[in-house]
Structure formats: C-alpha cells, structure tokens
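Structural characterization, general
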Amino acid sequence: MSTTVPVKAQMSGAKKQTPEFVQLLDPDGKRLSDELYDPWVSDVTGDQLASLYEDLIIVRRIDTEATALQRQGELGLWPPLFGQEAAQVGSARTLRPDDFVFSSYRENAVAYCRGVKLPDLLRVWRGTASSGWDPFEVGMATPAVIIGAQTLHATGYAVGCTFDGVDSVSVAYFGDGATSEGDVNEAMVFAASFNAPVIFFCQNNQWAISEPVGLQAQRPIADRAPGFGIPSIRVDGNDVLAVMAATRSALDRARTGGGPTFIEAVTYRRGPHTTSDDPSRYVDPLVAKEWEARDPIARVEAFLRSEGVLTDELAASIQARADEVAAEFRAGCLALENPEPLSVFDNVYATEHSGLARQKSQYKAYLEGFDK
C-alpha cells in the first residue's frame, strides 16, 4: 500500500490520482509500506522508535502541566500543542546541532528536542523575561509571535549558510493560518530565487484560532508551494515515522544543493488556540472525536506493543520519567524570579542613549512614588 504524494506529480500539475498523504503508521498502529519514503527510515530500530514514543509522552505531559499552571494563575498564557506532538518530535529529531530552527509560539516540543531548559520554556509566559533562551546555545530562535515572520528569518539564515559554504539547513515552523500572510509567500519567493537550503514546515492543525482551514485553503496547502518552484510533501502529521521520513528527505535535498522544500504536516489541534480560547464555541465534537481516534501517541504505542518492544514495564518507566519531568517543569516555573522593574530598559539598544536614559529616570521616579 502506497500513501505517498509524489513531488513530480505536484510539480507538473499532473491529473494522476494520488493518495492523501505520506503515511507509514496508520491510526491503528499498522506499518504501511512506501517505496519512496521507507528508505529514509530504514535505520530506525524498535528501540529508537521507543525513544521517539518517550519524547511524545514527555512533551504531552509538559504541555498538560503548563496548561494546569496557567489555570492556577502561575502563567499568563500558554499555547497548547496537544495533538501535534508527532509533527514536532518527528521533524525536530532529524535535525543536526548546526541546523537552525525558526518557530512560532506553539513549537514547545521542538524546543524540548533541541535541548531548551525546562524553565526557559516558561519565562516569557510567566512574564519574567522578554525572551526565553539563548538561540545560539540550542540552534533555535526564540518564538515569533508575529504570524509568519519567522519564515523570512529562516530564509535569510539559509542564504547565509550558502554564502558561508556550509551544509546546515534552516527550518521554519508555522501553522496553516500563516500561509495566508504575505511574509510566508514572500519568503518562498526569495527561497526559490536563491535556492536557499530551508524547509518550510507547515503544521496544518485545521484551525487559525477559530477559523477552519477550509476558509482560506480550497486545495491542500502543499499544492501552493510548486507555484513558487518549491517541491512539496504532504505527510500525515500524526505519524511520527512518516514525518521523520519526509523531513529527512527534505534535509537531504537542502544539504545537497537542491534548495527549499515545503512540508505540510496534516494534524489536528485538540486543545484551544491558547488558554484564553474556548474551542467548544466553534469545534464540532463529532469531528474532534474523529481526530481523537487518529492520536499520534496511540498508534506508536500499538505498533511497539505488536512488535514486542513496548512492555508494561517500559511503558510504566516512560510514564514515571514523564511525571518527573513535569515535576521539574513545575518547580522551575515557580522558582522563576521577577525581574527588577528597571531592567525593562536593558538591551533595548547596544549603547544607551540620552533619550532612553531620560525614560528610565522618569520611570524610576514613577515607581518611587508608590513608596511615599
């Protein structure tokens, strides 16, 4: 059974009937064969897939804990990734340390895989810092809240890699809603023109806040990229193995001078847009139930158990590890210290100028007024 969307068919505009997307593990955990993408994951052993399963369990546990922290008043906001774990873990675990990620605000699983420290995931959302981490320590920029802007940054970085003569690749993560932004389209024009080694990784989670993807996409989003001269892959975003295969393929193309690739990972946002959102106002519960049956973790678990890799003992060990991470995550959040109020002026400019010094002095006087 083949579940591939051939790049050549998309590029040529051929009318040939093609399956919906690349899929190597179906929702029931059955391993499907695909002559085009199987070779990209032929080296993935049962133990390695179990390690990916552990990542999926841990990042979902982190996400659940962060949502609880927000509900308890410890975070101002949190953008859940519930349901999108496979798209993020499967792609992030294919990257090299010298590759660079430019993400939106929802890629907390990518950040975890890149080695971002647990408390650093929370600094911005707790309001104790303007930025969560040092991008150059982990090869990942801090999240872009301006929708789609990170695609321009990723493209520019990729062009820089070409100028430097290195085979590093940049990856831009964004959602389906961002594809209607000018920034994303401009980034693809620039990437195609300069043959930039960049991957445009679109997580189509079916919603742009409360607007369904069908409102702005009359065809699969992956169909847009060939119009810019960029080959695209449409992959089951809830299949961690297929996502890994698609990303490895795109990385190889970028490293060998083939230029950019667009990946549409078809997934589903099973929670709110952020913790300030109420999806029950616009989500059809029957549709949500259908996507629940396509859960990215359940299918890996079913496959690993059928292969005799995942035992009850191993599953319990992974869950215990996830609980330990969640406890560390919570403790790290509560230990974050409030910054000094005047530190808001730090690092605004490389060198402080008189205008900034005047504002700082005025704000200092304002704060001192509360002590009188």
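Structure: above.
On a predicted model such as this, the values are computed, not experimentally measured, just so you know. (Residues numbered from 1 in each chain as written. Predicted model: local features only at pLDDT ≥ 70, side-chain atom pairs only at ≥ 80, totals over all residues. Heavy atoms only, no water.)

**Topic: the overall build of the protein**
When you go through the protein residue by residue, the secondary structure sums to 13 helices and 7 strands. Computed over its C-alpha atoms, the radius of gyration of the protein comes to 22 Å, within 12% of the 21 Å expected for a compact globule of 372 residues. Seen through its principal axes, the protein has C-alpha atoms that stretch 75 × 50 × 40 Å. Contacts in the protein between residues far apart in sequence, at least 24 positions, make up 74% of those at least 6 positions apart. Taking the average place of the 34 positive charges on the side chains of the protein and the average place of its 51 negative ones, the gap between the two points comes to 3 Å. (Helix = DSSP H or I, 4+ residues; strand = E, 2+ residues; numbered from the N terminus. Rg over C-alpha atoms; globule rule 2.2 N^0.38 Å. Contact = heavy atoms within 4.5 Å. Lys, Arg positive; Asp, Glu negative; His and termini not counted. Charge placed at Lys NZ, Arg CZ, Asp CG, Glu CD.)

**Section: the packing of helix H2 (residues 46–71) against helix H11 (residues 296–306)**
In the contact formed by H2 and H11, the axes pass within 10 Å of each other and the chain directions differ by 150 degrees. Judged by the inter-axis angle, H2 sits roughly antiparallel to H11. Regarding H2 and H11, the two cross each other, and that crossing is left-handed. Across the interface between the two elements, Gly 46, Leu 49, Ala 50, Tyr 53, Leu 56, Ile 57 and Arg 60 of H2 pack against Pro 296, Ile 297, Val 300, Glu 301, Phe 303 and Leu 304 of H11. (Axes fitted to C-alpha atoms, helices over the stretch in contact; angles between N-to-C directions. Parallel < 35°, antiparallel > 145°, perpendicular 65-115°, else oblique. Left-handed = near helix turned anticlockwise from the far one by under 90°.)

**Regarding the packing of aromatic side chains**
As enumerated under the stated definition, the model contains 14 aromatic pairs in all. Centroid distance Tyr 268 to Trp 291: 5.1 Å. Interplanar angle 10 degrees. Geometry classified as stacked. Note that Tyr 268 is positioned in the loop between strand E7 (261–266) and helix H10 (285–292) and Trp 291 in helix H10, a separation of 23 residues in sequence. Relative accessible area serves as the criterion here: at 4%, Tyr 268 is assigned to the buried category. For the cation-ring pair, Arg 294 lies above Trp 291, with the distance from its terminal atom to the ring centre recorded as 4.3 Å. (Phe/Tyr/Trp six-rings, centres within 6.5 Å; stacked < 30°, edge-to-face > 60°. Buried < 20%, exposed > 50% of the residue type's maximum accessible area, 1.4 Å probe, protein only. Lys NZ or Arg CZ within 6 Å of the ring centre and 35° of its normal.)

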